[in-house]
Amino acid sequence: TGKFRVFSDLEEVVEEIREYHRKQMPNGTSQIVKIKDDLISAIRYAFMMARHAIQKADTLDNDVDAEYYEEHMPTSATGY
């Protein structure tokens, strides 16, 4: 449907969304309160950067490249 969804079992994200608010300034404008919004900011950044992502399959030109990528895949989060 083209909508971005967050699963309800991600309690920390749901809590941040619930607490996300704006503060009225004396001059009549409002500003987003930048407290406890780390997960929301990370999700926003990931969502915006997804349009620049390149699928791994799009970068493979031939079978030799595919074999190389499979052999040199990182086995942990640190890449080692």
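Above this text is the structure in question.
This is a predicted model, so every value here is computed, not measured.

To continue, consider unusual backbone geometry. The phi angle of most residues is negative, glycine excepted, and most peptide bonds adopt the trans form. Phi angles above zero are rare outside glycine, and Lys36 is one such case at about 55°. Looking at the secondary structure, you find Lys36 in the loop between strand E2 (30-32) and helix H2 (38-49). Its relative accessible area of 49% is what places Lys36 among the partly exposed residues.

Let us look at the pattern of salt bridges. Counted under the stated rule, the structure contains two salt bridges. For the salt bridge of Glu15 with Lys36, the shortest nitrogen-to-oxygen distance reads 3.7 Å. Placement of the pair is Glu15 in helix H1 (residues 11-19) and Lys36 in the loop between E2 and H2, with a sequence separation of 21 residues. Here Glu19 ties to Lys36 by a salt bridge, and the two come within 3.5 Å at their closest N and O atoms. Of this pair, Glu19 sits in helix H1 while Lys36 sits in the loop between E2 and H2; the two residues are 17 residues apart in sequence, bridging distant segments of the chain. Of the residues examined, Glu19 reaches a relative accessible area of 37% and is grouped as partly exposed. Ionic contacts of the salt-bridge type, sharing partners, join the residues Glu15, Glu19 and Lys36 into one network.

Conventions used here
Residues numbered from 1 in each chain as written. Predicted model: local features only at pLDDT ≥ 70, side-chain atom pairs only at ≥ 80, totals over all residues. Heavy atoms only, no water. Helix = DSSP H or I, 4+ residues; strand = E, 2+ residues; numbered from the N terminus. Buried < 20%, exposed > 50% of the residue type's maximum accessible area, 1.4 Å probe, protein only. Salt bridge = Lys/Arg side-chain N within 4 Å of Asp/Glu carboxyl O.

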